[in-house]
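Remarks on the overall topology
Each chain, letter by letter, is given below.
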Amino acid sequence: MASLHLAIPSLPGPTRQSTIRCSGEQRQALFNRIAPVYDNLNDLLSLGQHRIWKRMAVSWTGAKDGDNVLDVCCGSGDLTFLLSERVGSYGKAVGLDFSKEQLLTASTRQKLRSKTCYKNIKWMEGNALDLPFPDSSFDAVTIGYGLRNVIDRHKAMTEIRRVLKPGSTVSVLDFNKSINPLSTTIQELMIDNIVVPVASGYGLQDEYKYLKSSIKNFLTGNELEMLALEVGFSTAKHFEIGFGLMGNLVAIR
Ligand SMILES: C/C(=C\Cc1cc(O)c2ccccc2c1O)CCC[C@H](C)CCC[C@H](C)CCCC(C)C
Ligand SMILES: C[S@@+](CC[C@H](N)C(=O)[O-])C[C@H]1O[C@@H](n2cnc3c(N)ncnc32)[C@H](O)[C@@H]1O
């Protein structure tokens, strides 16, 4: 693959995405392509750490027994499974994604797992920019490594706010776009020298190169907080985790 045209030009303002050179369809195709190796590569490349970050993200939602919860951009379902455990058999968890292949992995994983609560999970093919749910439907929402990948973050956050019940929380886990040049350099060195070379062994070099440009074009913690307040969340706080390599925005409707 010569070029994916996935680089996104710098943002003019702090919270709005400007022109993008890659369409939603191209991103959908990318996530379909990486689906067969996605989970294994996450385990390998993060040395299992992503499981800890995902547990933290879910715990920040405050989801509890019996709740109705949503995982937007669920991919192969890691966060959905964790949410499902929190809300238990009397709760309901929905995992939504626009990649058929990722959803196929998610539902296969569900069939292979025996915990009773996982019966409360429903997988839905859908678009984060046009959530197929009525207003005020959910007690908690997660979006893990998803907001950076949608073509309109403002719309995605507006949609998430709309489907959350008043007083409920969204937890947004993603790579941290640090304002500390040292953290940025370490993150970029790791991607260039570990992540991309390992991924190239699976023929996915360009797909993982996209990671670096997508982080560059993402929002800093402050900008994420501003975005959340701009779309109408009442409070927003960003936490750096994983030695500052990752970040988690917690916003309450
Ligand atoms: C779960 C992780 C990333 C998910 C992910 C998100 C994306 O947007 C992608 C886009 C395109 C291809 C792949 C992905 C993708 O996998 C996080 C962990 C895995 C990372 C791929 C590697 C983490 C690199 C860190 C800089 C190293 C952290 C080391 C640790 C602190 C020991
Ligand atoms: C990096 S993966 C994250 C998957 C999962 N949340 C995790 O933490 O492992 C990003 C996911 O976002 C999905 N995605 C990107 N844009 C989307 C959109 N507009 N609507 C629905 N899903 C989207 C992709 O298909 C992909 O599965």
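About the thresholds
Residues numbered from 1 in each chain as written. Chains lettered and ligands numbered in written order. Predicted model: local features only at pLDDT ≥ 70, side-chain atom pairs only at ≥ 80, totals over all residues. Heavy atoms only, no water. Near = heavy atom within 4 Å. Areas by Shrake-Rupley, 256 points an atom, 1.4 Å probe, with all protein chains shown as cover. 1 Å grid on protein atoms, 1.4 Å probe; cavity = no way out; pocket = protein on both sides within 12 Å on 5 of 7 lines; lining within 4 Å. Sits in = over half its atoms within 2 Å of the grid points. Helix = DSSP H or I, 4+ residues; strand = E, 2+ residues; numbered from the N terminus. Polar contact = N/O pair within 3.5 Å; in protein donor to acceptor, adjacent residues only side chain to side chain. Nonpolar A, V, L, I, M, F, W, Y, C, P; charged D, E, K, R; others polar.

Near ligand 1 lie 19 residues; those nearest to it are Tyr38, Asn42, Arg148, Asn149 and Tyr208. Compared with its free state, where it exposes 750 Å², ligand 1 has 95% of that area covered by protein. More than half of the atoms belonging to ligand 1 lie within 2 Å of the grid points that define the largest pocket. Secondary structure elements with two or more residues in the shell around ligand 1: α1 (24-45), α2 (49-61), α6 (181-200) and α7 (205-216). Top element by residues in the shell around ligand 1 is α1. It accounts for 5 residues.

Next up on the list: the site of ligand 2. Within the structure, ligand 2 sits among 17 residues, and Tyr38, Cys73, Asp97, Ala128 and Gly144 are positioned closest to it. Contact distances for ligand 2 include 2.8 Å between a nitrogen atom and a backbone N or O atom of Cys73. For ligand 2, an oxygen atom lies 2.6 Å from a polar atom in the side chain of Asp97. When the free accessible area of ligand 2 is taken as 600 Å², the share hidden by the protein chains comes to 97%. Because more than half of its atoms lie within 2 Å of the grid, ligand 2 is assigned to the second largest pocket. Split by residue class, the shell around ligand 2 holds 8 nonpolar, 7 polar and 2 charged.

So yeah, pure geometry; function would need other evidence.
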